[in-house]
Structures are given as C-alpha cells and as structure tokens.
Amino acid sequence: MPDLPKRDQKYDALIIGAGHNGLVAACYLAKAGMKVLVVEKNDWIGGAAVSRELYPGFTYSNCSYVSSLFRPEIMRDLDLPKHGLQILPYEGGAVFTETGGYLGMFRDHDANRREFARHSARDAEAYDLYSRDVQRYCRFIRPMLLRTPPDPSSFRPRDIMELLWLGKQIGALSEQQRAEMVRFWTMSISDFLDEYFESPVIKGYLAVSAIIGTALGPMSPGSAYVLLHHYMGDVDGNVGAWGFARGGMGSITKALTASLRAAGGEVRTMSPVAEILVRGGKAVGVVLDNGEEIRAARVISNMDAKRTFLKTVNEADLPAEFVASVRKFKTRGSSAKLNIALDAAPVFTALPEGAANIKGDLHFTDSIARMERGYDDWKSGHFSRDPFQDCMIPTMIDPTMVPTGKHFMSCFVQYAPPKIAGNDWTDADRDDLRDTCMNQIETYAPGFKNKVLHVEVRTPRELEAEVGLTEGNIFQGELTFDQLLFNRPVPGYAQYKSPIKDLWMCGSATHPGGGVMGAPGRNAAAEILLDAKLPGGMSDAYAVL
Amino acid sequence: MPTPSSEVIVIGAGPNGLACATRLAQKGAKVTLLDALPMPGGGATPREFAPGFTTTLAHLTRGIDARVAKGMDLERYGLGFQTLQTTLLGPNPVTISRGKTASQDADFARLHDRLTQFARVLAPFRAIPAPTLGKGNDWLTLARLGLGIRALGKTEFRELLRMLLTNAADVAEDDLTDQRLQGYIAFEATLGAWAGPRSPNTLILLLNHLATGPDVLAPKGGMQAVAQAMTKAAEAAGVTIRQNARVTRIVTNGDTATGVELASGEALAGKTIVSTLHPGLTLRDLVGPRVLDAGLYTRAGHIHSRGGTARLTLALKSLPNIDNLENRLIIAPSVNAVENAFNPVKYGQIPDVPVLEVFFPTSLDPRPDGLHILTANVQFAPHMPVDGLDQARAQMLENTLRVLAAHIPDLRPLILHCELLMPQDVAALYGNPGGNWHHAELAVEQMLFLRPLRDLSQYRTPIEGLWLAGAGSHPGGGITGAAGWNAALAMEGAL
C-alpha cells in the first residue's frame, strides 16, 4: 500500500482551508484511501459557503448566496444528497426600473419571452436565438471544467494529448460556430447583447451574470465570457438555472464534511496555518499559529495563490520567476455584501401582489450604462454611488432559515474596490456603503428600512480578514483570459502542482476558477491521486447535459 | 449602357487602394482606381483646413509595409522617412528614443524589449492572409510562424500567451514604476482604439503597433509625400486613377458583381470590383440588402466602427517656445489619465481632460511663409455625442486647447486658424462610417479570422467578383498598404 503513514508523518494529505474546494479535494483523497486532515482557521467550516447564525434565530448565507455551478458529478461521487444537500431552484426574479416599472423573470422560457414582449416585441423574438446561442457556448465549455488544462509550452505526451483533445472539441464545431464562439469569448457583454436586444432593461438584466464578482464593466471586452462562467451550471440538470441550498449555502459544505467524515477524513477548526513546512524542496507539513507542527506526506492549499505563496511559504523556497508571476496575478475585489435580517417581507411597489418574482434575484440597475458607471467609480477607487445589487430573499423558498414570518435577505453589491482611494476601508466607509445600498432598496420598497432587525456588511476588507480572500476577490483571482485555463493562476503551474514538491493547489485560484463549483478541488484531487498512483474513483465528466 | 471599362475597378485611392491597384496592374490587370476625394491618398491626401493651410488626416506613421514599399518602389518616387523621438510632456518631460528613455529607465527598457520581441514574432502574421478556422490554410507557413513564436523560449512563450489578451494598464503598472511611462504605454496601446487601457485585449493593440513598425516615422515632405509617391507608382504601373468619382452602387447580376455606378450617374463595367471602403458600407449600402443574404446583411451592420479619436489642426504664427517640438509629443500623464479620458466617451460625452499626441510637421518641413502647423490626435472623442455634434465639437475643442495650453503656455496667442474634427466629421470627410481609423475597430473580436467578419476574412465576399481590400480587412489600417497588398495577393490566383 502506498503512502503508509511514517513515524512522524501522520497524514497522507493535509489540506489548508475548509472551503468547498478543500473539502471536495479532501473527500476524493479520503475515498481513495488516504489519511486526510483539513485544517481551518475559523471556528466554523465552509470558507465562503457557509450558513451562520449572526442574529438570534436567523441563518445567514453570509458569503456565497446561490448555487448552480456545483458540479453534478461531484454531488454524485460524494453522495451529497444523502448527506443532506438539497438545491431549491428559484422561481423568478425582477429588475425594477427608475420609472417605477419592472421586468419580471420566470423559471419558464416562454413566460420570460412573454414578459420580454411587454418591453419589446423584437427582444422577445431575439430571446430564443440568444438562449440557443449562449447554450451552445456553454455546452462547449462544460466538459473542460473537470479537466486539467494542458500546458501549451510542454512537449509531454499528456499535454499534447490534451491539446489534441481540445482540438477535437473545436473540430466538432462548424467553422461558423468556432468563429462565433471566439468572438463571443473576446467581446464585451454590452456589444454582444446589442446584437440581439434593444430594450435597456432587458440588456441590463442579461448583463448581470457577466459582471458578478468581476473587476470588469459590462462594456469591458472579455465580460461576455464571465457570463458563460455563470451560465454553465445547472440545478438538477436544468442548465443555466440557479437555486438556493436548503438551509443556506453552508449546507453544501456541511454535506461535504459529512461525506468526508464518512470516508474517514478529519477536519480541525480554529487551526490557522502560520507556515507551510518545506524541507529539502519538499512540503512536509504545516506549523499552526500556536506553534503546533502537523506532518503530512503532502500539503494541499485551498487558500488563494497570493496567500499561499506570498504569505505562507518562505519565498526562498520558491523560484523568483514564480514569485514574480504570483505577484502579477490579479485579485482585485469588486464586490461587497449586505446580509439583512428582516422582521417581515419587503414590499416592492412595482410588483403585482403575490408575484413569484420576489422568489428570486432582484435588481435595481435597469441599464448597462448605469452598471458601467458603477464600474467607473470602482476604477477611480470608490464604491459605486449607484451600486448594482443582486438581492435575494432565500427564505421566500426556504423558511427553515428564519423564525416563522421573518426573512433573511442577501444583497450582493457591486462595485466595491479593495481599497478606498488607495486607503484601507474604514468603518465609516463601510457604513457609507451600507446606507447607499439600503437607501437604494428603500426607494423601490418603501418601509423596507423599518423592517430591518440586523445588518451585516461585508466589504472586501471583511472578506479578506474573515474568509482569507486576498483583496476580497470572491473568485480567488479575476476571471480574465490572461488568468484562465493554462494561465491560472500562473503560466506553467496551472496543473494544481506548485514548484515545491508535494505542495499542491486546489482553490478557486486554479482552473476553472471561482463560484461554488468544486471543480478545482476535484481536478486537484485527480492530479494528486495520479501522482500518488492511486485510483481516482471519479465518475467521468458529463460530456453534455 | 455601361461604358466599356476595366477588368478591375478598385474603389478608394487610400494607401490600401493604391497598393492593391498597383500590385494588380503590375500583374497585368487593367485597373481603374476610383476615388471620391479631389486627390488620391485617403488618410494621406492633403486637404485645405484653412485658407492656405493644408493637412492630412493621418499625421504620422509607423512605416509602409515593407512589401508595398519595395513592390511599388516608393523610394524611387522620393519617399523617405525620418524616425521621431517621443517626448512625454509634463512637469518633468521624458524623451524616448528607440525604446529607451533618456534616463535609461531599466524597467522600461526591459518591458520594451520584451514587447518588441513579441511583436517581432507576430509581425509576419500581418503579411499573410489571416489564418482561417477551417480549410484553406497554408499550414507550412503557419507552422513556420508558430515555431518562430515557440523559439522565444519556454518562459517568454508562456508570457506571450498570458499577455496576448491582457490589458495594457496592468502590464504598465506591473512592470513600470514611473507613472509617466505607465501613461505612455496606456496611451500608445489605445491610440486609435475605442477602448481604455484597463479594457482587456488592449496590450495586443500595442503589439500590433510595434509589429507595424518599431518607431514612429514622419515622411519627408509631410504625409502627403506618401500619397504622392504611391500615386506615381500606381500611375507608372498603368493604373488609371479617377478623382471626384464617388461610387454609389456596386452593380450585380445575380450573385456576381459586374460594375459600379458613380454619383454622376455614370456606370462602369468591371469583371472584378475591389472595395477599400468600410466593409459594412460596401456590403450594406453599395451592394444592398436585395443581393446579400439576410444574415450577412445583419452581421455587416454589427461590425463595430466606433471612432474614438478627434483630430485637431492649428495654423500658427510661429512655433511656441518649448523644447523638443521636433519630436512627437504625448500628453498622457498616467494610466488613469488615459482611462478617465475614455470613461465619458462610453456614454457619448466629452472628457474634461483629453490625452493627446501632438506633432509640429512644419518643424521638420518648414513652410516658405514661415508660418506653422500643429496637428494632434485627441483622445477620446464620442462617435455619437449625446449633446449633438456641434456642441460636442465646441466642447471638445475647448477642453483640448485647455490641455494644450497647460503644457505649451504661449500657444493660444499664436493660433491663426483651428479645426477640430470629431469622429463624425472624419466620417463625413473620408467616408468611413463611425470615423474609426481602421474602418472596423481593431479589437480582438474583429481581428484575424474575424476581420471584418468570419466569412469575409480572406478578402473575398460571397458576391462573385467583389473583394475587400481596405483597412477593415486584415491586418487593419494605418498608412501601411498592407491590407491592400494582401488582398491583391489573394486575388492573383482568382484573376
């Protein structure tokens, strides 16, 4: 049997960070027979996929707040439904317009189409074409999520085979489809939507997925790809759909933890890692903040690349070129979050009574230009004065999170820079952001503020301090082409392996990037098991869904 | 009845039209070159902007495509260039000469070297038809060029792959510490583009500039010397050039182009029609929706052609009293200055503080009367100003002169005449809708096999006998003639 624990080497694999990717990697490694320990700095498990009681009786999904991207292959392999995971699709959504109207969204394509027609007959027609085209681009990308990117500078047979595989995928498309796809990947969502739609509010709604979590505006080239990143998930096979995890996003990591424990793995909370121990060019374990040393045959970091290599590893153990590349890796945060406990449901005056639209994503940004202006504020070092908010009231669908009749509302806010005019965020800045957002909601839902029992505000400062995301970037690194595939996080090191022997990466800073997807964790585990010559025990990636 | 005419009709006597027509004539075709303006040269043609003062739309170049210069023997027709240094104006000006700053900034030299190396291995792609995503590639050539890229070495090859689609601002801020030089990189990358330096896909625009030519050049005798030399070469090759001949329609018979109609009503028959005009204009307006298939007609309307550059020309009593005025002068003090100048343009508004590329052509080629001219590319300007063209133009002029006067304090009293062309003015004068220098914006989604559209990237159109050869085709505009030459090469097999 390989990897028998040696005398002072208790674990086969030590994973730093009990976020979803760390847990996914841990589960696969444990299932393959390794003795696995996950260490977590906080006193709770889950990283950015957590459910926490921050106000008595109220469960908050205080970081990530919706689910779609989590790979179904992983759910199946790790038996997550058996361990309590249930995803509830949302039932609608709405964009409120400045003029007091709204654009409703529904679960049903045809209902959406009818609603679009209320705003523009032409756009309703275009919606079919648009959906078809975007679905096609999604289908192309999805199989790549669960594959290790090839290194195009390498002549190893494996990399060449993988490039050939990629070539085959491209070869399966017509010349026209290839060209349209490259065009789509490289253009801005604003230009892309202009080719289909005329109504500003419809474009404003559809552009949302292209900016969430990104330090790009809807007019930035490359933003169309980000849309794809958010569209390639599914809820129970319904591609592009989004949903809530019953009991909050923590249910995902809770189920993963249960699955890990069932496979014999351990998790230790309140164990912040001070240093990754490197001896003779090989990772041999970690030292915790309290001085305790834990030895392991390999260390797998679920922290972002900057935190791992610039803060937890001794720079002298790394090639200078690699360190320089990690420094160049862009992790600028662009978002903030308000988590609100409500005494009663807010009433949005524009919505008809009882409309299902409130059981989904609610926005107040009714044009691309407003969104882009919000981005201009970010570029100049300020949070958006007219922010884009993605508001959700998961308790409309999942009442288990709050006392009867009460609600939890999650407001994802963009854009919020990692620093305000070059300075660290202050409490006053944070409160200013909170008031700006609350006032925006109040405009569309009068009386909203009076229903507020408690608000938690999380700027990039809080995200970094608590979850450990450098500069508060929710994807552990921006999703632009210079940081995707074989460039993520660093050219030449995109295959989950670091320059230090037996030190691996499994976080969202690696391919295919962020979102509660689990793919980086699974891909990293696949590489580690291959390296350890252990069977993977993974189901094949679904070619299409 | 159409008058019996040429085998080949080339529309538009800009550098691409002249290059294409010359090459075809040299290969034995009977070529007529039709041009709407009074004189040939397109962006290099002289135009009177004030009584007794002429200028050209393009004021500087990075050089004529080497094949064009050689094939047209332009040196023989008196064309020569002077390499310019670039001076970044500001409280502490910096002069850059051949990729080095006067202060020998090591970071800058290193970055410039790296980018020049990247540009060197990419440059050959400008001189071949864009590789296709389907059949018809010259695999041998592509393999050779691919090997050239790989020969950069593993590290540089990886860096190239990373940087290819990155934004200019990050590169400038990652690799340089001097804010002025960061601003320079940001400005240079976005010159002529409709994008700010923080937009992804902007570094490649800088690489394209460097691949066109490592230095900025001023033709001896002014930019019109390019027009004159190319015209002489075309005439020597037997091209018939007709000015004031605006083409209003490309005549088709079924799916075949058979000739053109002029604004005068005159009809000319031709077996091959080559348009160097904007591809969208060519297909939608000159060919028309009755001939094109609906999909192509729609997509031709989606070609982005937003001009972001205004053009200022001043007639001056004398040269102002500043140093380095024989250099190319840039006023773009930082990355944010360039980005902030772009922000309002997205909403059709005017930037308060535009960034500029300034040149005094008369400092190199003095006028007999001792008066002087200042030319400047002013960025960014909205292609569709929300406040209407006249108001926007006045505001743009005001803001531009304010920035200029801040750097050249004695300028205002020297001004005899001034003209500012907004992108819409450029479009009206030169016939490129949107007013973009490259006709179709040079942006990654409109480059190579996507330029100007996926099915038009090989210069051929679905209309039999109709070809594209202008700046809207690969590799884009600039006073180089490369697209026209490439198109002529592509057509040779077919003629």
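For the structure, check the block above.
In this report, the structure presented in the accompanying data block is examined. Owing to the predicted nature of the structure, the values given are computational and were not obtained by experimental measurement.

### Digging into the overall build of chain A
A tally of regular secondary structure across chain A gives 17 helices and 21 strands. In terms of C-alpha radius of gyration, chain A reaches 23 Å, essentially the compact-globule figure of 24 Å for 545 residues. Considering only C-alpha atoms, chain A reaches an extent of 70 × 60 × 45 Å along its principal axes. Looking at chain A as a whole, 65% of its 545 residues are labelled buried. Intrachain contacts of chain A at a sequence separation of at least 6 include 72% that bridge at least 24 residues. Accessible area of chain A: about 19000 Å², with a carbon and sulfur share of 51%. Side chains of chain A give 60 positive and 66 negative charges; the mean places of these two sets differ by 5 Å.

### A few points about the interface of chain B and chain A
Residue-level contacts link 36 residues of chain B with 37 residues of chain A. Of the roughly 3400 Å² buried between chain B and chain A on both sides combined, carbon and sulfur atoms contribute 53%. In terms of surface lost to chain A, no three residues of chain B exceed B:Leu133, B:Tyr347 and B:Arg454, which account for 18% of the buried area on that side. Between the two partners, chain B and chain A, sit nine salt bridges. With its nearest N and O atoms 2.8 Å apart, the salt bridge here joins B:Arg158 to A:Asp151. Linking chain B with chain A are 18 residue pairs in polar contact (both at pLDDT 80 or more).

### As for a nonpolar patch on the surface
Residues and elements named next belong to chain A. Together, Phe155, Ile160, Met161 and Leu164 give the surface a local cluster of nonpolar side chains, amounting to about 450 Å² of exposed area. Inspection of the secondary structure puts isoleucine 160 in helix α5 (residues 157-171). On the basis of relative accessibility, which here comes to 35%, the residue isoleucine 160 falls in the partly exposed class.

### Structural notes on the pairing of strand β7 (residues 102-106) of chain A
All names here are of chain A. For β7, the tally of buried residues reaches four of five residues, placing the bulk of the element in the interior. Taken together, the five bridges between strand β6 (residues 92-96) and β7 define a ladder with antiparallel strand orientation. Considered in β7, the bridge of alanine 94 is made with glycine 104. The turn linking β6 back onto β7 is made up of five residues, and glycine 100 within it adopts a positive phi angle of 95°.

### Let's talk about the sheet that holds strand β1 (residues 13-16) of chain A
All names here are of chain A. Strand order in this open sheet of five strands is β11-β2-β1-β15-β21, and the pairing throughout is parallel. Lying at the two open borders of the sheet, with one neighbouring strand each, are β11 (266-268) and β21 (503-505). Across the sheet, the axes of successive neighbouring strands diverge by a mean angle of 20°, strand direction being ignored. Relative to β11, strand β2 (residues 36-39) runs parallel, the two sharing three bridges. Each residue of the ladder has a partner; that of leucine 37, found in β11, is glutamate 266.

### Observations regarding the pattern of salt bridges
Residues and elements named next belong to chain A. Following the criterion strictly, the structure yields 74 salt bridges over all chains and no others. Of the charged contacts in the structure, one is a salt bridge between arginine 147 and glutamate 162, with a shortest N-O distance of 2.8 Å. Note that arginine 147 is positioned in the loop between α4 (121-145) and α5 and glutamate 162 in helix α5, a separation of 15 residues in sequence. With a closest N to O distance of 3.6 Å, arginine 430 and aspartate 431 form a salt bridge. We classify arginine 430 as partly exposed; its relative accessible area is 23%. Residue classification places aspartate 431 among the partly exposed positions, given a relative accessible area of 25%. Here the salt bridges share partners, and the residues they tie into one network are Asp427, Arg430, Asp431, Arg434, Asp435, Arg461 and Glu462.

### Let's talk about unusual backbone geometry
Of note, the amide linkage connecting A:His511 to A:Pro512 takes the cis form, showing an omega dihedral of 0°. Tracing the chain through its elements places A:Pro512 in the loop between β21 and α17 (519-531). In this model, B:Arg451 is joined to B:Pro452 through a cis peptide bond whose omega is -15°. Note on placement: B:Pro452 falls in the loop between α15 (423-430) and β20 (466-468).

### With respect to the sheet that holds strand β14 (residues 272-275) of chain B
All names here are of chain B. With parallel pairing, five strands are arranged side by side in an open sheet as β10-β2-β1-β14-β20. The open sheet has two free edges, formed respectively by β10 (240-242) and β20, since each of these has just one partner strand. Each adjacent strand pair in this sheet contributes to an overall mean axis angle of 20°, direction not counted. With four bridges joining them, strand β1 (residues 8-11) and strand β2 (residues 31-34) adopt parallel strand pairing. Bridge assignment links valine 8 to a residue of β2, and that residue is valine 31.

The rules behind the values
Residues numbered from 1 in each chain as written. Chains lettered and ligands numbered in written order. Predicted model: local features only at pLDDT ≥ 70, side-chain atom pairs only at ≥ 80, totals over all residues. Heavy atoms only, no water. Helix = DSSP H or I, 4+ residues; strand = E, 2+ residues; numbered from the N terminus. Rg over C-alpha atoms; globule rule 2.2 N^0.38 Å. Buried < 20%, exposed > 50% of the residue type's maximum accessible area, 1.4 Å probe, protein only. Contact = heavy atoms within 4.5 Å. Areas by Shrake-Rupley, 256 points an atom, 1.4 Å probe, with all protein chains shown as cover. Lys, Arg positive; Asp, Glu negative; His and termini not counted. Charge placed at Lys NZ, Arg CZ, Asp CG, Glu CD. Buried area = accessible area lost by both parts, 1.4 Å probe. Salt bridge = Lys/Arg side-chain N within 4 Å of Asp/Glu carboxyl O. Polar contact = N/O pair within 3.5 Å; in protein donor to acceptor, adjacent residues only side chain to side chain. Patch = residues over 30% accessible without salt bridge, like charges linked within 9 Å, V, L, I, M, F, W, Y side chains within 5 Å. Pairing = 2+ DSSP bridges. Axes fitted to C-alpha atoms, helices over the stretch in contact; angles between N-to-C directions.

Spatial relationships are all this shows, so hold off on functional conclusions.
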